[in-house]
Amino acid sequence: MANFSNMVRCVFLLTTLFVPIILGSFIEKPGPRYPPTKGEVWPKPQNQVKIGIRMAFEMEQFQFKIVGNNSPLIDEAIERYSFILSLQSGRKHQRKPSNRRMKNERRTRLADDDLVMKVLNINMTGQDEAWPSLQMDESYWLNIDDVTGNLISASPWGILRGLETFSQAIYRGSPLSKDLFINQTLIYDFPRFPHRGLLLDTSRHYTSVTKIIKMLDGMAYNKLNVFHWHIVDDQSFPYVSAKFPTMSQLGSFTPDLIYTPADVQRIIQYARRRGIRVMPEYDTPGHTRSWGVAYPSLLTQCYTDDKPNGDYGPMNPANQDLYPFMKDLLTEIVDVFPDKYVHLGGDEVEFDCWKSNPEINAYMAAMNITTFTGLEEVYIQKIVDMVRDLGAYSLVWQEVFLNGVKLPPGTVVHAWTGNQQILMYNITSKGFPALLSTCWYLDHLSNGGDWQKFYNCDPHNFPGNEEQKKLVMGGEACMWGEVIDDNNVLQRIFPRVSATAEKLWSAAEVNDMEEARFRLEEHYCRMNKRGIPAQPPSGPGFCV
Ligand SMILES: *[C@@H]1O[C@H](CO)[C@@H](O)[C@H](O)[C@H]1NC(C)=O
Ligand SMILES: *[C@@H]1O[C@H](CO)[C@@H](O)[C@H](O)[C@H]1NC(C)=O
Ligand SMILES: *[C@@H]1O[C@H](CO)[C@@H](O)[C@H](O)[C@H]1NC(C)=O
Ligand SMILES: *[C@@H]1O[C@H](CO)[C@@H](O)[C@H](O)[C@H]1NC(C)=O
């Protein structure tokens, strides 16, 4: 067995080493290696019928028309997509063209194309909603089989996703021409998983609000719907708390590398308008060194030779003042962030410091706690209960589950390392909802075009029954902050996260990398056009 698995490993290594060389030994031709497609949608829709008729598209002759229920979300989205479509043609968008001009334009266009797209009816059949949620309905019908098209969805979120699809279906006839086209098509689309996230760590480096806003734009272009904001960690505490303002005054890198309440609200609202939930993470009891700058007593003092050595470890569960503090902070967080889910972290808790501390040992003896995982359990359980009492749900990193902490039903377990199959099997066999990130670490770089390894990962790739598969809520790509800042954060995320986005939205059968390459090439150019500095995904080529 050992020999066999070594052999497998060896073949794997050889393949990874030689694939670039094999790619590099292509017989090169002039021009792009993977010419972009024209009007293909990313992520690929669940159902699409192509009719094979091309229509011309002119912003001046086109209008969005609301025929169903209305929503401020839809009004704003129409503004946005009108702007995006005008960017696409490179021509200036005018909202209300004169009839005369329309007729003239029309005559010239009709010379080379019989059909010119005129109207997209937007038909929201259900009630308006204000906030995106795990349960939101993102399904939509997009019927473009005539010069008047129809976009139908029960909810504003489906309309938002359908508008994104519509905007992607419009393409330039050729790189040098400004003429736009849309092919007739029928689409019925919905996401495979309801939780399609992107984690951004703003503690290891500060990311400006401007870049976060751009990132949210990019998420919407990929139909991602959860911004997991890993907002604080050991290195800095940029979140400005109304109740505990000294946390950021002392715990941020500098007093201006912070997120004020106004910044946080701006980000939440900007995301909401794009159907993106903002789920904050306040990781405890580990990863909290920056908390202790303002409040050292929250943390455990580490001891050497029976004396404090000046270092601090995880939070100090023996300090009974910790719990009222956490309750006040969590009350604020649940109030500031409207999403129903709060990520409580719980990863990588350092037990050595707890072990060295006499106060912790005395507390454990008094409470009959015999192991450090037992101590972690006591702490986490209190925090999870607090969140539940505040009417919210918790997510925790996998360690909390692996350490055997008793979790209330419905607590989401977030897998990030180790054997994906075994772990996802174990989490779901215990009846817990699961979220996958193991294969989607954006900070792990390999050779060029490394979106492919993200594309090769499926959240249902584990042995388990139907019930277990249903417990998989989706996944998240993780952009940890050690080596990213405003200079490279967007380039590193896009378009690699697009691979994750397609895995989480499209049907399980959509896994043909060779087909995806050409679509991703178009999608990367599309993101560039819209101001997202996405990197080239697959080799030589160009965007207009
Ligand atoms: C649209 O039609 C053009 C011209 O027939 C074709 O080249 C292109 O691949 C089509 N795109 C899609 C998405 O069907
Ligand atoms: C909107 O869509 C519904 C469901 O398909 C349909 O019954 C209704 O007639 C449509 N409304 C308009 C104004 O087209
Ligand atoms: C710890 O165990 C002892 C002996 O079983 C018991 O008397 C005591 O009440 C326990 N203390 C706590 C806090 O559970
Ligand atoms: C999965 O569960 C089995 C059986 O309880 C256990 O032996 C194993 O260590 C667990 N592994 C992981 C990665 O969760």
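All of these numbers come straight from a predicted model, not from anything done at the bench. (Residues numbered from 1 in each chain as written. Chains lettered and ligands numbered in written order. Predicted model: local features only at pLDDT ≥ 70, side-chain atom pairs only at ≥ 80, totals over all residues. Heavy atoms only, no water.)

Peer 1: What is the right way to read the overall build of the chain from this model?
Peer 2: The number of helices and strands found in the chain is 19 helices and 17 strands. Seen through its C-alpha atoms, the chain measures out along the principal axes to roughly 90 × 60 × 45 Å. Counting only residues that meet the buried cut, the chain has 54% of its 544 residues in that class. Across the chain, every contact between residues at least 6 apart in sequence was considered, and the portion connecting residues at least 24 apart equals 74%. Separation of charge centres in the chain, based on 55 positive and 62 negative side chains, amounts to 9 Å. (Helix = DSSP H or I, 4+ residues; strand = E, 2+ residues; numbered from the N terminus. Buried < 20%, exposed > 50% of the residue type's maximum accessible area, 1.4 Å probe, protein only. Contact = heavy atoms within 4.5 Å. Lys, Arg positive; Asp, Glu negative; His and termini not counted. Charge placed at Lys NZ, Arg CZ, Asp CG, Glu CD.)

Peer 1: I tried to follow the state of the cysteines on my own but got confused; where do I start?
Peer 2: Chemically, a disulfide is nothing more than a covalent bond linking the sulfur atoms of two cysteines. Enumeration over the complete set of coordinates arrives at 3 disulfides. Each disulfide pairs two cysteine sulfurs, and for Cys 302 the partner residue is Cys 353, the sulfurs being separated by 2.1 Å. Between Cys 302 and Cys 353, the S-S torsion sits near -105 degrees, and that sign places the bridge as left-handed. Of the two residues, Cys 302 is situated in strand 11 (residues 299-304) and Cys 353 in helix 10 (residues 351-356); the sequence distance between them amounts to 51 residues. Residue classification places Cys 353 among the buried positions, given a relative accessible area of 5%. (Disulfide = S-S within 2.5 Å.)

Peer 1: How do you make sense of the pattern of salt bridges when you look at a structure like this?
Peer 2: Side chains carrying opposite charge are able to pair once their charged atoms draw close together. Taken as a whole and judged by the stated rule, the model has 20 salt bridges. The shortest N-O distance in the salt bridge between Asp 233 and Arg 204 comes to 3.4 Å. Of this pair, Asp 233 sits in the loop between strand 9 (226-230) and helix 6 (246-251) while Arg 204 sits in the loop between strand 8 (195-201) and helix 5 (209-221), placing them 29 residues apart in sequence. The two residues Asp 233 and Arg 204 agree in class, both being buried. Note that Arg 388 and Asp 385 form a salt bridge whose closest N and O atoms lie 3.5 Å from each other. Here Asp 385 and Arg 388 lie together in helix 12 (residues 372-389), a separation of 3 residues that amounts to about one turn. The class for Arg 388 is partly exposed, based on a relative accessible area of 46%. We classify Asp 385 as partly exposed; its relative accessible area is 28%. Residues joined by salt bridges that share partners form a network here, namely Lys 44, Glu 502, Glu 515 and Arg 519. (Salt bridge = Lys/Arg side-chain N within 4 Å of Asp/Glu carboxyl O.)

Peer 1: When you look at the site of ligand 2 in this model, what are you seeing that I'm missing?
Peer 2: The full set of residues close to ligand 2 is Val 67, Asn 123, Thr 125 and Ile 152. Between ligand 2 and Asn 123 there is a distance of 2.3 Å, counted from an oxygen atom to a side-chain nitrogen or oxygen. For ligand 2, whose unbound accessible area comes to 360 Å², protein coverage reaches 35%. In terms of residue class, the shell around ligand 2 is made up of 2 nonpolar, 2 polar and no charged. (Near = heavy atom within 4 Å. Polar contact = N/O pair within 3.5 Å; in protein donor to acceptor, adjacent residues only side chain to side chain. Areas by Shrake-Rupley, 256 points an atom, 1.4 Å probe, with all protein chains shown as cover. Nonpolar A, V, L, I, M, F, W, Y, C, P; charged D, E, K, R; others polar.)

Peer 1: Would you mind showing me how to read helix 19 (residues 513-529) here?
Peer 2: The end-to-end C-alpha distance of helix 19 is 24 Å, a good match for the 24 Å that 17 residues give at a rise of 1.5 Å each. Residue Arg 519 marks the point of greatest curvature in helix 19, where the axis turns by about 25 degrees. For helix 19, a buried count of 12 out of 17 residues is recorded, marking the element as mostly surrounded by other parts of the structure. Those residues of helix 19 lying buried are Met 513, Ala 516, Arg 517, Arg 519, Leu 520, Glu 521, Glu 522, His 523, Tyr 524, Cys 525, Arg 526 and Met 527. Structurally, helix 19 contributes buried residues whose contacts are with helix 4 (156-169), strand 6 (170-172), helix 5, helix 15 (451-455) and helix 18 (496-505). N-cap assignment for helix 19: the residue whose side-chain oxygen lies 3.0 Å from the backbone N of Glu 514 is Asp 512. Positive backbone phi, at 95 degrees, marks Gly 531, one or two positions downstream of helix 19. (Expected span 1.5 Å × (residues − 1). Bend = angle between axes of the 7 residues up to and from the residue.)

Keep in mind that these numbers describe shape and distance, not what the molecule does.
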